[in-house]
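What follows is the residue order along each chain.
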Amino acid sequence: MMSKSATRPILRMLGRFYASTSSGVEAAASSTTSTTQTVKQTLPVTGHKLAYSEFGDPSAVIRRERFQIDAVPENHIVVKMLASPVNPADLNTIQGTYPVKPAKLPAVPGNEGVGVVIKTAAIPGRDPINEGDWVIPRTPAFGTWQAFVHGSSEDFIKIPQMDLVTAATLSVNPCTAYRMLKDFETLKPGDRVIQNGGNSAVGQAVIQLCREFGLKCVSLVRPREDFKQLKAKLMTLGNSDTIIITDDDLRGMMRDFKAQLALNCVGGKCATDIMRVLDTGRTMVTYGGMSRQPVVLPTSSLIFNDVKLKGFWMTRWNRTQPHEDRKEMLEYLSNLALTGKWIPPEHKLIPFAKYRDALENTMKGYTGVKYIIKFD
Ligand SMILES: NC(=O)c1ccc[n+]([C@@H]2O[C@H](COP(=O)([O-])OP(=O)(O)OC[C@H]3O[C@@H](n4cnc5c(N)ncnc54)[C@H](OP(=O)(O)O)[C@@H]3O)[C@@H](O)[C@H]2O)c1
């Protein structure tokens, strides 16, 4: 997407042009969302966006303001955002601790989400994306927490219409789960995958993909009062070999237990424990650090078990791998979603005006749900 400063003179120029032609850009579109609401829009469009002018505590630095798009460059499509999740990486970006930073401040937060195209590029037939299509952004730090976005068709990926929350959460967490299961170990049906953060959005996708790939998945979650209920919910995502335990339970079963892949998004002691049960020569992939504790390696695992430690970052994969591979992965995941074989994480839809609830609760831990901003 072009930066706002780069587009502003063009917008002003186009704004004058469209004002002088009186009708403006016709951008009527209709689309069926999960609430079967019809979207019809013309430019200019007015809505709200979240913005921050300095890095810091999200609930302190984020504000909600009105904005208007009068006109856009002729090769741009305009997208009405439908829903966007609040992921830990979004909060880290606002805090200024995430490696992807906005090009400049003030910036609009939000890395992923789904929207409906309300205006295609001005030259008919040139654009593979049509009015009414659902799209997700192609690049991170896109600024999805706003009512409308625009960019060239290369800035978006078209996806089939599906359940709203599934679409809004398609591009980051399930893709991360998919890549980690595919790219680090050659796993055969019956092999075991062990993961911590088993109730995270990534963790829930791992459980479901293990089921699809015929793998046995062992998921650790932090001990909690409602563990039984959580376990019952997570079990419904898996197969008959799915195991859900607390971090503490693993120690009791370590002796006879071996896994062929370990996935770590927590760090600290919990990462050390899942590494201890890795089979000789196998890999632990670290993709998150929710506990903010370093990963401590047991010396014996390295010497006697020759375990491998790798990191994974979806953003790097998207940047470095062919776009065709990404499309193929999104197609696979979309098909799972459309056939009811992949369901989105436990979630709570939050009206845009109540965005603070989403930010504050996501930062708390033990929330049990992914907060999804639903735009007006
Ligand atoms: N490398 C990548 O490309 C990539 C891609 C996607 C996600 N991630 C990372 O993966 C992790 C999970 O993301 P998500 O969107 O799936 O998360 P999420 O749905 O928001 O869930 C957060 C998870 O972290 C756990 N957690 C929170 N605070 C914790 C703490 N202090 N100690 C231990 N566990 C804690 C939560 O467990 P409780 O219920 O016990 O609080 C929950 O399992 C994050 O670190 C995220 O940045 C990385």
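These lines cover the structure that appears in this document, whether it is placed above or below. None of the values given here were measured: they were computed from a predicted structure. (Residues numbered from 1 in each chain as written. Predicted model: local features only at pLDDT ≥ 70, side-chain atom pairs only at ≥ 80, totals over all residues. Heavy atoms only, no water.)

Attention now moves to helix α5 (residues 173-183). Burial of α5 is extensive: nine of the eleven residues sit out of reach of the surface. Listed in full, the buried residues belonging to α5 are N173, P174, C175, T176, A177, Y178, R179, M180 and L181. (Buried < 20%, exposed > 50% of the residue type's maximum accessible area, 1.4 Å probe, protein only. Helix = DSSP H or I, 4+ residues; strand = E, 2+ residues; numbered from the N terminus.)

Here we come to the site of the ligand. Every one of the 25 residues lining the ligand counts as a neighbour, but N199, R224, M314, Y366 and K370 are closest to it. One nitrogen or oxygen atom from the main chain of S200 is found 3.3 Å from an oxygen atom belonging to the ligand. Here Y366 contributes a backbone N or O atom positioned 2.6 Å from an oxygen atom of the ligand. About the coverage of the ligand: the protein hides 85% of its 910 Å² of free accessible area. Only α5 and α6 (201-213) provide two or more residues apiece to the shell around the ligand. Here the shell around the ligand is composed, by residue class, of twelve nonpolar, ten polar and three charged. Built from parts of two domains, the shell around the ligand gets at least three residues from each of domain 1 (4-169 + 344-374) and domain 2 (173-315). (Near = heavy atom within 4 Å. Polar contact = N/O pair within 3.5 Å; in protein donor to acceptor, adjacent residues only side chain to side chain. Areas by Shrake-Rupley, 256 points an atom, 1.4 Å probe, with all protein chains shown as cover. Nonpolar A, V, L, I, M, F, W, Y, C, P; charged D, E, K, R; others polar. Domains from an automatic or database assignment.)

A surface patch of nonpolar side chains, amounting to about 540 Å² of accessible area, comprises V295, L297, L302, I303, F304 and L309. Following the sequence through the fold, L297 ends up in the loop between β12 (278-286) and α10 (299-303). With a relative accessible area of 34%, L297 lands in the partly exposed category. (Patch = residues over 30% accessible without salt bridge, like charges linked within 9 Å, V, L, I, M, F, W, Y side chains within 5 Å. Salt bridge = Lys/Arg side-chain N within 4 Å of Asp/Glu carboxyl O.)

The side chains of a regular strand alternate, residue by residue, between the two faces of the sheet. Residues W134 and I136 point to one face of strand β5 (residues 134-137) and V135 and P137 to the other, with burial holding for every one of them. Note that strand β4 (residues 114-119) and β5 share two bridges and pair antiparallel. By the bridge assignment, V116 is partnered in β5 with W134. As judged from the four bridges shared by β5 and strand β7 (residues 156-159), these two strands associate in the antiparallel manner. Note that in β7 the partner of W134 across the bridge is I159. (Pairing = 2+ DSSP bridges.)

Now for the pattern of salt bridges. One pass over the structure, following the stated rule, counts twelve salt bridges. One salt bridge connects K188 with D191, and the closest N-O pair in it is separated by 3.2 Å. A salt bridge links E346 to K233; the nearest nitrogen and oxygen atoms lie 3.6 Å apart. Linking E346 in the loop between α12 (323-338) and β14 (347-351) with K233 in helix α7 (residues 227-235), this pair joins segments that are 113 residues apart in sequence. On the basis of relative accessible area, E346 is assigned to the partly exposed category, the value being 36%. Look at the salt bridges and you will find they share partners, linking K49, R63 and E65 into a network.

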